[in-house]
Amino acid sequence: MSARLRNILLWVVALAALILLPQVVEDRYFMHIAVMAGIFTILTLSWNLLAGYTGQLNLGHAAFYGIGAYTSAILAMQTGLSPWLGLFAGGLVAALFGLMLGFPALRLSGPYLAITTIGFAEILRLVAMNWVDLTRGSLGLSGVPLLTPIQIGDFRMQFYFERDYYYVVLAAVLFTLFCIRRLIGSEFGVTLQAMRDDEAGAQSIGINPSSYKLAVFTISAFFAGFAGGLFAHFARLVSPELLALHNTFDVLTMAMIGGLGTIAGPILGAVSLTILSEALRSMEEVLKIDIRLIVYGLLLILTILFMREGLVGVIKNVWARVKGDS
Amino acid sequence: MGAILTTDRLTKNFGGLTAVNDVSFSLEQGEILGLIGPNGAGKTTLINLISGAFPPSKGTITFEGRDITREKAHTVNTLGIARTFQVVRIFSRLTALENVLAAMVDRKHKGPWSLVWDSFFRRACALTEDKEACATADSLLDFVGISKYRNEQAGNMPYALTKRLEIARALATEPKLLLLDEPSSGLNPAELTGQIDLIQKINAQGTSILIIEHVMKVIMGISHRLIVLHYGEKIAEGEPKVVYNDPLVVEAYLGGDSDAQH
């Protein structure tokens, strides 16, 4: 069997399993976790696009997530815009903010960029807290409309339950995955990888690093905003807490543990940590301590010390060994 | 013929240290100009200034009649100056072919957004699908003699060959002027001969060359003229044989003053 055929087969099987999952598992709580895993997959994929492929550390990613969520929610509640369009509007507004922040901020790098982006997210969080007329402050916007039903001929799909949203988020993850794979596999992606390997070398062949970083920053912000919109219409509650730093750290941890600078890594990291965090939540009630953060921190340290390439690297090594033995 | 590159009273200070001091020279169209001098003489700094890695403190650089003193590195490249580095700066996780292809992506100066557009709406969006570009890149790899490493990750190639890869990558940007920073360092005698041939072949195609080199066999063999830097200042200029016997140059190299004795 050719490698190409095997790949296609693998995709088809995986996709079929994901599509059939809600038919097998009817538990609503499980579906809720699956939806959140999907949303975090999009967030992590988008964060990784910047961090993993250009080496820029954006610690304000939650801000774009929040901007997308508020934009989509406010548009739907105040102008009656269809939430389906709102998802993309949220992405676009987040991208616009990304462009505005990236223009000055990407002149900085390393810790300076990290601090600037933290500051950006904190400022926006405070704006969301205090612009009560628009955001209802710390109460947040509740009662965000559900996604509107889709009617094609006799086929009607409504969005009430977790499993309905599961399909929306699955489609959104596939859309994000398609876009990012396309970008990374193209000439654009090779330019990014060249910059990541050696920026001075890239400049010496006529590549302007800051313009490329700005483009990636904007695209990364778009998908974060898109994920924010999905969250808004799923959770039906948007609060300033969405923009908080700990959300960015969750995303960072997922990307690092999954494998930075890969496409499979963020997916693995987001799904496994979302499930883990739910498991730990039940332990928290027993132990009465915030064990989730302790475990995340520990995992992050262990990843950095012992598996720099994350879960993807581990799987690759094991696979190579299995192949070598047989 | 006329000068393709002229520097006028070029000076670079790093804090209290003057790395390049008041250096003026011209490089003629089609010339191979050798740049020599003891360690720390400011040779690499001079190439960094010309290639736009950082701006000079004083003085001007003119390329083909255009003032490029303040241009950034990527602009300098698009104007027609390519360079290699003393310590290679290849893209270690890309293959040899991709290294060369990467240098051809942005040739039309389209910028990132048009490439983003291309990646969704153009058929042959992946570099390796562009037959024409691949053919050019392959011929360049062949030209520098590393075809058989085409699909090898650049980071896994032997050091001597990464130097050639860097040259191929620089040539992919179709430079009128090529700046070579010690292309022969770390090469064995057999490889040296190959390197001399390669540089002469590049020059024969009409590319002007500014070359820094410590290996006398190379620099004396290929340079049409030499410039000697010492403590950032130009102390000699002229035909290789004449410069080689210049008392000032001999003193700089063998150490006529107490500073250079160790």
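Computed from a predicted structure; not experimentally measured. (Residues numbered from 1 in each chain as written. Chains lettered and ligands numbered in written order. Predicted model: local features only at pLDDT ≥ 70, side-chain atom pairs only at ≥ 80, totals over all residues.)

1. Things to note about the overall build of chain A
Part 1 of the reasoning: Secondary structure summary: chain A contains 14 helices and four strands in total.
Part 2 of the reasoning: The C-alpha radius of gyration of chain A comes to 20 Å, within 12% of the 20 Å expected for a compact globule of 326 residues.
Part 3 of the reasoning: Once the C-alpha set of chain A is aligned to its principal axes, its extents read approximately 55 × 50 × 50 Å.
Part 4 of the reasoning: Scored against the burial criterion, the 326 residues of chain A give a buried share of 48%. (Helix = DSSP H or I, 4+ residues; strand = E, 2+ residues; numbered from the N terminus. Rg over C-alpha atoms; globule rule 2.2 N^0.38 Å. Buried ≥ 20, exposed ≤ 12 C-beta atoms within 10 Å, placed from the backbone.)

2. Points about the interface of chain A and chain B
Part 1 of the reasoning: Facing the 23 residues of chain A at the interface are 33 residues of chain B.
Part 2 of the reasoning: Taken together, the elements giving at least two residues each to the side of chain A that touches chain B come down to α7 (162-185), α8 (187-197), α9 (199-204) and α10 (209-235) of chain A.
Part 3 of the reasoning: Ranked by the residues each element gives to the side of chain A that touches chain B, the list is headed by α8 of chain A, at seven residues.
Part 4 of the reasoning: Looking at the side of chain A that touches chain B, its residues break down into nine nonpolar, ten polar and four charged. (Contact = placed C-beta atoms within 7 Å. Nonpolar A, V, L, I, M, F, W, Y, C, P; charged D, E, K, R; others polar.)

3. Let's talk about the sheet that holds strand β9 (residues 225-230) of chain B
Residue and element names in this part refer to chain B.
Part 1 of the reasoning: If you trace the six strands from one edge of the open sheet to the other, you get β6-β7-β8-β3-β9-β10, paired in mixed fashion. For this open sheet the edge positions go to β6 (81-83) and β10 (233-238), each flanked by a neighbour on one side alone. Averaged over all neighbouring strand pairs, the angle between strand axes comes to 20°, with direction disregarded.
Part 2 of the reasoning: Of the strand pairs in this sheet, strand β3 (residues 32-36) and strand β8 (residues 208-212) are connected by four bridges, and their pairing is parallel. Bridge pairing in β8 places Leu35 opposite Ile212.
Part 3 of the reasoning: Contacting β3, β6, β7 (177-181), β8 and β9, helix α1 (residues 43-51) runs over the sheet at an angle of about 150° to β7. (Pairing = 2+ DSSP bridges. Axes fitted to C-alpha atoms, helices over the stretch in contact; angles between N-to-C directions.)

4. Some remarks on the pairing of β9 of chain B
All names here are of chain B.
Part 1 of the reasoning: Counting buried residues in β9 gives five out of six residues, a clear majority hidden from the surface.
Part 2 of the reasoning: The sheet contact formed by β3 and β9 spans four bridges and is parallel. What sits directly across from Leu35, in β9, is Ile227.
Part 3 of the reasoning: Here β9 runs beside β10; their pairing, made up of five bridges, is antiparallel. In the strand pairing of β10, Leu229 is matched with Lys234.
Part 4 of the reasoning: Counting the residues in the hairpin turn of β9 and β10 gives two residues, including Tyr231, whose phi is positive at 50°.

5. Considerations on the domain arrangement of chain B
Residues and elements named next belong to chain B.
Part 1 of the reasoning: For chain B, the assigned domains read domain 1 (3-80 + 175-260) and domain 2 (94-161).
Part 2 of the reasoning: Taking only C-alpha atoms into account, the centre of domain 1 sits 29 Å from that of domain 2.
Part 3 of the reasoning: At the interface, six residues of domain 1 touch five residues of domain 2.
Part 4 of the reasoning: The greatest single-element share of the side of domain 1 that touches domain 2, amounting to three residues, is contributed by helix α7 (residues 189-204). (Domains from an automatic or database assignment.)

6. Quick look at the nonpolar core
Part 1 of the reasoning: Counting 165 residues, the largest nonpolar core has Ile39 and Ala227 of chain A as the members making the most contacts within it.
Part 2 of the reasoning: Broken down by element, the residue count for this core peaks at 17 residues, all from α10 of chain A.
Part 3 of the reasoning: Formed jointly, this core draws a minimum of three residues from each of two domains, domain 1 (3-80 + 175-260) and domain 2 (94-161) of chain B.
Part 4 of the reasoning: Residue contacts for Ala227 of chain A: discarding those within four places in its chain leaves Ile39, Ile42, Leu43, Tyr65 and Gly68 of chain A. (Core = buried A, V, L, I, M, F, W, Y, C linked by C-beta atoms within 7 Å.)

7. Quick word on the packing of α8 of chain A against helix α4 (residues 112-121) of chain B
Part 1 of the reasoning: Interaxial distance between α8 of chain A and α4 of chain B falls to 8 Å at its minimum, and their mutual angle equals 130°. Between α8 of chain A and α4 of chain B, the interaxial angle falls into the category oblique. Counted together, Glu187, Phe188 and Thr191 of chain A of α8 of chain A and Pro112, Leu115, Val116, Asp118 and Ser119 of chain B of α4 of chain B form the full contact between these two elements.
Part 2 of the reasoning: In terms of residue class, the contact of α8 of chain A with α4 of chain B is built from four nonpolar, two polar and two charged. (Parallel < 35°, antiparallel > 145°, perpendicular 65-115°, else oblique.)

8. Describing unusual backbone geometry
Part 1 of the reasoning: Positioned with a positive phi, Arg236 of chain A is a non-glycine residue whose angle comes to about 65°.
Part 2 of the reasoning: With 14 C-beta atoms packed within 10 Å, Arg236 of chain A lands in the partly exposed category.
Part 3 of the reasoning: The residue Glu64 of chain B is not glycine, and still its phi comes out positive at about 50°.
Part 4 of the reasoning: The class for Glu64 of chain B is partly exposed, based on 16 C-beta atoms found within 10 Å.

9. Focus on helix α3 (residues 61-79) of chain A
Each full turn of the α-helix corresponds to 3.6 residues, which orients residues three or four apart in the same direction.
All names here are of chain A.
Part 1 of the reasoning: With 19 residues, α3 extends 27 Å from end C-alpha to end C-alpha; this agrees with the ideal 27 Å at 1.5 Å per step.
Part 2 of the reasoning: Most of α3 is tucked away, with 16 of its 19 residues classed as buried.
Part 3 of the reasoning: At the exit of α3 stands Gly80, carrying a positive phi of roughly 75°. (Expected span 1.5 Å × (residues − 1).)

10. Observations concerning the environment of Ala19 of chain B
Part 1 of the reasoning: Along the chain, Ala19 of chain B falls in strand β2 (residues 17-28).
Part 2 of the reasoning: Separated by 162 residues in the primary sequence, Ala19 of chain B and Asp181 of chain B have C-alpha atoms spaced 16 Å apart.

11. Regarding the sheet that holds strand β4 (residues 58-63) of chain B
All names here are of chain B.
Part 1 of the reasoning: Taken together, the four strands give an open sheet; going across it, the order is β2-β1-β4-β5, and neighbouring strands pair in antiparallel fashion. Here the strands that pair on one side only, and so sit at the sheet edges, are β2 and β5 (66-67).
Part 2 of the reasoning: Where β4 lies against β5, two bridges are found, and the strand directions are antiparallel. In the sheet register, Phe63 faces β5, and the bridge partner there is Arg66.
Part 3 of the reasoning: Along the sheet, α1 makes contact with β1 (3-14), β2 and β4, crossing β2 at roughly 65°.

12. So, the pairing of β1 of chain B
All names here are of chain B.
Part 1 of the reasoning: Here β1 runs beside β2; their pairing, made up of eight bridges, is antiparallel. Looking at the pairing, Thr7 lines up with Phe25 of β2.
Part 2 of the reasoning: Hairpin connection from β1 to β2: two residues lie between these consecutive antiparallel strands, with Gly15 at a positive phi of about 60°.
Part 3 of the reasoning: Relative to β4, β1 runs antiparallel, the two being bridged by five bridges. Across the sheet, residue Thr6 finds its bridge partner in β4, namely Thr62.

13. Regarding α1 of chain B
Residues and elements named next belong to chain B.
Part 1 of the reasoning: The buried fraction of α1 is high, at eight of nine residues.
Part 2 of the reasoning: Looking at α1, one finds that the buried residues are Lys43, Thr45, Leu46, Ile47, Asn48, Leu49, Ile50 and Ser51.
Part 3 of the reasoning: The positive-phi residue at the C-terminal boundary of α1 is Gly52, with phi of around 85°.

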